[in-house]
Every structure is written in C-alpha cells, then in structure tokens.
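# A structural walkthrough
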Amino acid sequence: MNILVMKNKEEASKKAFDLLLADINNGAKVLGLATGSSPVGLYDQIVSSSLDCSQLISINLDEYVGIKPTNPQSYHFFMQQHLFSQKPFAKSFIPDGSNLDADYVTTRYNQILTAHPIDTQILGIGNNGHIGFNEPGTPFDIQTHKVRLTSATIKANSRFFTSSNDVPHAAYTMGIGSIMKAKHIILLAFGEQKADAIAATVNGKITTAVPASVLQRHPNVTILVDQQAAQKL
Ligand SMILES: N[C@@H]1[C@@H](O)[C@H](O)[C@@H](COP(=O)(O)O)O[C@@H]1O
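Residues numbered from 1 in each chain as written. Predicted model: local features only at pLDDT ≥ 70, side-chain atom pairs only at ≥ 80, totals over all residues. Heavy atoms only, no water.

Reading across the sheet, the 7 strands line up as S1-S10-S9-S6-S2-S3-S5 and stay open at both edges, with parallel pairing between neighbours. The two strands at the open ends of the sheet, each matched to only one other strand, are strand S1 (2-5) and strand S5 (91-93). Neighbour-to-neighbour, the strand axes of the sheet open up by a mean angle of 15°, direction not taken into account. As defined by bridge partners, strand S3 (residues 57-60) adjoins S5 across 3 bridges and the pair is classed as parallel. Bridge pairing links Ser58 to Ser92 in S5. Across the sheet, helix H4 (residues 102-115) lies against S3 and S5, angled at about 145° from S3, the strand it touches most. (Pairing = 2+ DSSP bridges. Helix = DSSP H or I, 4+ residues; strand = E, 2+ residues; numbered from the N terminus. Axes fitted to C-alpha atoms, helices over the stretch in contact; angles between N-to-C directions. Contact = heavy atoms within 4.5 Å.)

This is the structure:
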C-alpha cells in the first residue's frame, strides 16, 4: 500500500488526478468510479482539465435500490451532475437501481465487469470501513450483489437526503472480489470521521469486520488522505 498524506483535500484530489492521468497515459481505458463526497474534488479536476474521456469506459461501484436515475439522490444523477454531463465517456455503466430484479441486475453487472476489466478503481471509504456498499461482514470474494444497508450507513448517508427516513435501505454494489480485480486502486478519505477506518485499513488485521482491510492484499493500492483522516496512522 502506498499511503500519501496530503496537506488537504484539494492537494489530494490533484494528486489523484495526476495518478489517474498517468494510468490513462499508460493505456488505462476502463475506470471504476465512486460516489460520495470524497471523489468530488477529483471529478472537478477532470472537468477542468483537457482530458478527453470520450474513448474511456466508466463502471460505477454502486446504486441505491428502488430509486430512479432521475431522482437527485441517485448515484446516476450524482455522476451526471459531477462528471458525465461535462465529460461524456464512450460508455458509462451504473447498476440499475430502478430494477427490483436483483438476480438480473447483479448477473448483468458481472457480465459487464467481465467484458470490461477495470484498470483504475477510484474508492471512497465509509466510516465503518465499507467500500462500495460492502458492509462489515461481507465475504471478500463476493461479486456484484444486493445489500441491506447498516443503520450506521443509513445515518451517515442521510446528510444527502431530507431525512434519514428517505434513505433507501438497500443497494446494488460491486463486490469486494470485483473491486480487488482492478489493476490499480486509488482510495480517497478526508476528515477525522475517517481516521479510525483508515487506521484499521492500513495497520489493522485483515478482517471482514473492516472491508477495506482486504486492500492490504492488493499489489497496487494508493491511499490519499488529508491530515485529519491520517491522524490515527
Ligand atoms: N456507497 C458510498 C461509498 O462508495 C462511499 O465511499 C461512502 C463514503 O462517502 P463520502 O465520500 O461522502 O464520505 O459513502 C457511500 O456509502
């Protein structure tokens, strides 16, 4: 694991952009993308750059179940707003949260991942160490699946909704096994509320209780944190 403690979120986002650009210049074509507040600075960097995304493919980590792509809280809407409306990709995949047929959605997404192996995966991390929506206890080898969100995650994500009652209770997510297949993983974490999860990810034992700890087994991971998220390292 390559841990880079940056001065602040902006510096970390610039560094993430440089690393991503280096991967693209080295032939990366398929980007695994994340939602949440952590990658927003990176998407801003992409939008304000001259990078042409029209030959790239993007595959998002996850989506809430039971909300339409037009819902402003959906990850479809988020990606459109922060990146795709300004930098269209050749193809962009996000799990179809409006389809309640979990077998169909997850099987289809696994086929997409097999057809387009991810070169560089962008990740955030939940306060409880989740990656994508792989909550504590999720087996490390799982592929795309439907999850029930923990009350901690519903509470954490309620900041994007009018109230926690509006947060969906389930999501489709790429599995930990799918994430681990990416050639390079760039994880972004900012703020002191991420300090415990980052310490457990980097220095803790590898355990399903902290899903991100599995990244210790990956040969090419870059973790970009600000001083606050790094304070327990
Ligand atoms: N499914 C997403 C994760 O992919 C993300 O990493 C996490 C952290 O979000 P934030 O970056 O806003 O702290 O939130 C959600 O649960």
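Further remarks concern the site of the ligand. Taken together, 15 residues surround the ligand, and among them Ser37, Ser38, Asp62, Arg159 and Lys194 come closest. Asp62 places a polar side-chain atom, nitrogen or oxygen, 2.8 Å from a nitrogen atom of the ligand. Note that an oxygen atom of the ligand is positioned 3.3 Å from one of the side-chain N or O atoms of Asn157. Coverage of the ligand by the protein amounts to 96% of the 390 Å² it exposes when considered alone. Residues belonging to the shell around the ligand are distributed by class as follows: 4 nonpolar, 8 polar and 3 charged. (Near = heavy atom within 4 Å. Polar contact = N/O pair within 3.5 Å; in protein donor to acceptor, adjacent residues only side chain to side chain. Areas by Shrake-Rupley, 256 points an atom, 1.4 Å probe, with all protein chains shown as cover. Nonpolar A, V, L, I, M, F, W, Y, C, P; charged D, E, K, R; others polar.)

Tracing the chain through its elements places Thr120 in strand S6 (residues 120-123). Look past the residues within four positions of Thr120 in its chain and what remains in contact with it is Leu20, Asp23, Ala28, Val30, Leu31, Gly32, His184 and Ile186.

The subject of this paragraph is the UniProt feature "active site" (unreviewed entry) in the protein chain. Mapped onto the present numbering, the UniProt feature "active site" (unreviewed entry) falls on Asp62, Asn128, His130 and Glu135. With respect to the helices and strands, Asp62 occurs in strand S4 (residues 62-64). Residue Asp62 is classed as buried on the basis of its relative accessible area, which comes to 3%. The contact partners of Asp62, leaving out residues within four places of it in the chain, are Thr35, Tyr75, Ile94, Pro95, Gly132, Phe133, Tyr172 and Thr173. At 3.5 Å, the side chain of Asp62 and the backbone nitrogen of Phe133 are in polar contact. By secondary structure assignment, the location of Glu135 is in the loop between S6 and strand S7 (145-148). On the basis of relative accessibility, which here comes to 4%, the residue Glu135 falls in the buried class. Excluding its chain neighbours within four sequence positions, the residues that come into contact with Glu135 are Asn128, His130, Arg148, Leu149, Thr150, Thr153 and Pro211. (UniProt positions renumbered as here; feature names shortened; annotations may be inferred. Buried < 20%, exposed > 50% of the residue type's maximum accessible area, 1.4 Å probe, protein only.)

Bringing the packing of helix H2 (residues 40-48) against helix H3 (residues 75-84) into the picture now. Helix packing for two helices is described by the angle between their axes and how far apart those axes are. Axis separation between H2 and H3 bottoms out at 9 Å; the angle between their running directions is 45°. One element, H2, and the other, H3, form an angle in the oblique class. Contacts from Val40, Tyr43, Ile46 and Val47 in H2 reach Phe78, Met79, His82 and Leu83 in H3. Across the contact of H2 with H3, the residue classes break down as 7 nonpolar, 1 polar and no charged. (Parallel < 35°, antiparallel > 145°, perpendicular 65-115°, else oblique.)

Spatial ordering of the open sheet is given by S4-S8-S7, a layout of 3 strands whose pairing is antiparallel. The open sheet has two free edges, formed respectively by S4 and S7, since each of these has just one partner strand. Strand-to-strand twist across the sheet, computed as the mean angle between neighbouring axes with direction ignored, equals 25°. In this sheet, strand S8 (residues 170-173) lies alongside S4 in antiparallel orientation, the contact comprising 3 bridges. What sits directly across from Asp62, in S8, is Thr173.

For the rest of this paragraph, the subject is the pairing of strand S9 (residues 184-189). The two faces of the sheet receive side chains in turn, since in a regular strand these alternate between them. Of all 6 residues that make up S9, 6 are buried, and the element is covered over most of its length. Burial of the side chains of S9 extends over both faces: His184, Ile186 and Leu188 are buried on one face and Ile185, Leu187 and Ala189 on the other. Relative to S9, S6 runs parallel, the two being bridged by 4 bridges. Each bridged residue has a counterpart across the sheet, and for Gln121 the counterpart in S9 is Ile185. Viewed along the sheet, the connection from S9 through helix H7 (residues 195-203) into strand S10 (residues 221-225) turns out right-handed. (Right-handed = clockwise from strand over helix to strand, strands pointing away.)

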